[in-house]
Amino acid sequence: MHKVQIYDDIYQLPADWDDLTPAELLYLVKLTQTDIPIETVKVHMLLYSLKAHVTRHRKIYGDKYRISVGKESENVCFCVRRKKYLLSPEEVCSLTDLFHFLFERENDRYGNAIRHYIKPLRFVNPYPAIRIRMRKFTGPDDGLFDITFEQFMYMQTYLDAMQQEPLKINHLLACLWHRGKTFDINRLDDDAAFIRHLPEAKKMVMYWFITGCMINLTGSFPRVFSGGKGTVKHNVFDSQLRLLDTLANSDMTKKDAVRKGLLVDALYTMDESVRRQEEMEEKFKKH
């Protein structure tokens, strides 16, 4: 968290995505559903995080400062809970700039900014457990470090399906948030039917978490993933079933164990396999 000082008072503001509370994430979803400039988004996030509001041309009783007409009329009365502060626009901007981590800038080939977009580098699960119509759903651990390879297989399948059919988000989320102690593919459709009743904003927060975790895994295992998009590369990994077959060494008796094994273990195995393959290819080129 960032510690910021306004006059003699100390406040805390989020320093990254993992510092955002679920309520702040939901508010961010609401803001990004409208076509407003990113600077306006940052101002609203600042006010929401501090539980503050801004007024103009109002005397601050009990304080020697006053917002007056003229050059000083650009100043604002920044009200945080019961405290009031007279801040210049520059001072407010310096505070809103702390929320720049929410966005990624896309440049053209000359280095000029084309657009800014939300890049949800969220690794902490905002909803470790949720209740939907009196049913308890258990979510994944932070960073998806406890999900099975089977969950990853179906998650990848529904991430791809969402490109054509956005409503598949319910099945995507059901791959990670499920009833019972462990994931059961036979309950996937029923779990998705329950998840359908969640507010759309909450589903988006959960989707952001998945996206952030995939970005993190892509960076941690660059040999396995390509293009920074969380897609598995190399022909041997073209499909999830071929990938499963590879990890099981084409042994049918081992495939169930691979499905139930941790994704992280599978990724390390794949990473080492690709490393050895690249090493062999490099040796052949030299000879």
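The paragraphs below set out a description of the structure included in this document.

Thresholds, definitions, all that
Residues numbered from 1 in each chain as written. Predicted model: local features only at pLDDT ≥ 70, side-chain atom pairs only at ≥ 80, totals over all residues. Heavy atoms only, no water. Axes fitted to C-alpha atoms, helices over the stretch in contact; angles between N-to-C directions. Helix = DSSP H or I, 4+ residues; strand = E, 2+ residues; numbered from the N terminus. Parallel < 35°, antiparallel > 145°, perpendicular 65-115°, else oblique. Left-handed = near helix turned anticlockwise from the far one by under 90°. Contact = heavy atoms within 4.5 Å. Pairing = 2+ DSSP bridges. Buried < 20%, exposed > 50% of the residue type's maximum accessible area, 1.4 Å probe, protein only. Nonpolar A, V, L, I, M, F, W, Y, C, P; charged D, E, K, R; others polar. Disulfide = S-S within 2.5 Å.

Running from amino to carboxyl end, helix 1 (residues 22–32) crosses helix 2 (residues 38–50) at an angle of 150°, the nearest separation of the two axes being 11 Å. If you check the angle between helix 1 and helix 2, you find them roughly antiparallel. Handedness of the crossing formed by helix 1 with helix 2: right-handed. Along the contact surface, helix 1 presents A23, E24, Y27, L28 and L31, while helix 2 presents V41, H44, M45, Y48 and S49.

In the sheet, strand 1 (residues 2–6) pairs with strand 2 (residues 9–13) via five bridges, with the strands oriented antiparallel. Paired with I6 across the bridge in strand 2 is D9. Taking the residues between adjacent antiparallel strands as the criterion, strand 1 and strand 2 are bridged by two residues, where Y7 takes a positive phi near 55°.

Taken across its five residues, strand 4 (residues 76–80) has five buried, putting it largely inside the fold. The pairing of strand 4 with strand 5 (residues 83–87) spans five bridges and is antiparallel. In the sheet register, V80 faces strand 5, and the bridge partner there is K83. Hairpin geometry of strand 4 and strand 5 is characterised by an intervening segment of two residues between the two adjacent antiparallel strands and by a positive phi of about 55° at R81.

Glancing now at the packing of helix 4 (residues 149–161) against helix 7 (residues 200–220). Contact geometry for helix 4 and helix 7: axes closest at 13 Å, N-to-C directions at 110°. With respect to their mutual orientation, helix 4 and helix 7 come out roughly perpendicular. Every pair of crossing elements has a handedness; the one defined by helix 4 and helix 7 is left-handed. For the pair helix 4 and helix 7, contact is made by F152, M155, Q156 and L159 and by Y207, I210 and M214, respectively. Across the contact of helix 4 with helix 7, the residue classes tally to six nonpolar, one polar and no charged.

A separate point is the state of the cysteines. One pass over the structure, following the stated rule, counts zero disulfides. C79 takes part in no disulfide bond, and the closest cysteine sulfur, belonging to C77, lies 3.6 Å away.

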